[in-house]
Amino acid sequence: MKSKTLSTFQYAFGIIITLCTLGPFAWLFISSISYQIDLQEVPLKWVPKRITFERYIDIFTNTHNDIAYAFRISMGNSLIVAVFVTFIALIIGGLAAHAFAKYQFNFRRQLIYLFPFTYMIPSVVIVIPLYLLFQKNGNVGFQADPDRS
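Residues numbered from 1 in each chain as written. Predicted model: local features only at pLDDT ≥ 70, side-chain atom pairs only at ≥ 80, totals over all residues. Heavy atoms only, no water.

1. Quick look at the pattern of salt bridges
Moving on, step 1. Applying the stated criterion across every chain, the model contains three salt bridges.
Moving on, step 2. With a closest N to O distance of 3.6 Å, Asp 38 and Arg 50 form a salt bridge. In this pair, Asp 38 is assigned in helix α2 (residues 36–39) and Arg 50 in the loop between α2 and α3 (54–61), connecting sequence segments twelve residues apart. (Salt bridge = Lys/Arg side-chain N within 4 Å of Asp/Glu carboxyl O. Helix = DSSP H or I, 4+ residues; strand = E, 2+ residues; numbered from the N terminus.)

2. Side note on the packing of aromatic side chains
Moving on, step 1. With the rule as written, the count across this model stands at six aromatic pairs.
Moving on, step 2. Relative to Trp 46, the ring of Trp 27 has its centre 5.4 Å away and its plane inclined at 75°; by these criteria the two rings are edge-to-face. Here Trp 27 is found in helix α1 (residues 4–33), whereas its partner Trp 46 is found in the loop between α2 and α3, with 19 residues between them in sequence.
Moving on, step 3. On the basis of an interplanar angle of 45° and a centroid distance of 5.6 Å, the ring pair of Phe 100 and Phe 105 is categorised as tilted. (Phe/Tyr/Trp six-rings, centres within 6.5 Å; stacked < 30°, edge-to-face > 60°.)

So, in C-alpha cells, the structure goes:
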C-alpha cells in the first residue's frame, strides 16, 4: 500500500505539470480577449478588467485585411483536409478491424501486434530514411511550380 505522503506528492507533482502545460494556452486565450493597453500593465493580470472579442470578429468578418483573408483560407483548407482524412481513416480502419475480428488468416496475430508497435517508434527516427528516399527519387529541392522561385 502506498504511503499517504507519496500519493500526495504525486498529485501535487501532477497538478504542477498540468498548470505548466496549460498555462501558456490560458495566457494565449486571455491575451486574445484583452485590450492591448491591459496587456501592457505592470504587473500582468491573469483576469482582464475589460473583455473584447474584436480580434475574433475582425478575423472572420473583415474583408479588407489580407492576413484575415489568408487565415480564413487556411482554416478552410485545414478543415477540408481534416474531414477527408478522418473519413478515409475511419473507412479503412473499420474494414481492417472487421477483417481482424471475423477472419482467420496467416500472420493475423503478428499483424495485430505490429500495429501498436508502429506507434512506439518516434517519428523523428523516420526523418532521415524518408529524406534519403526522397533524394533517391529526385524529390529533394523539387518545385511544383517552376515559375516560382
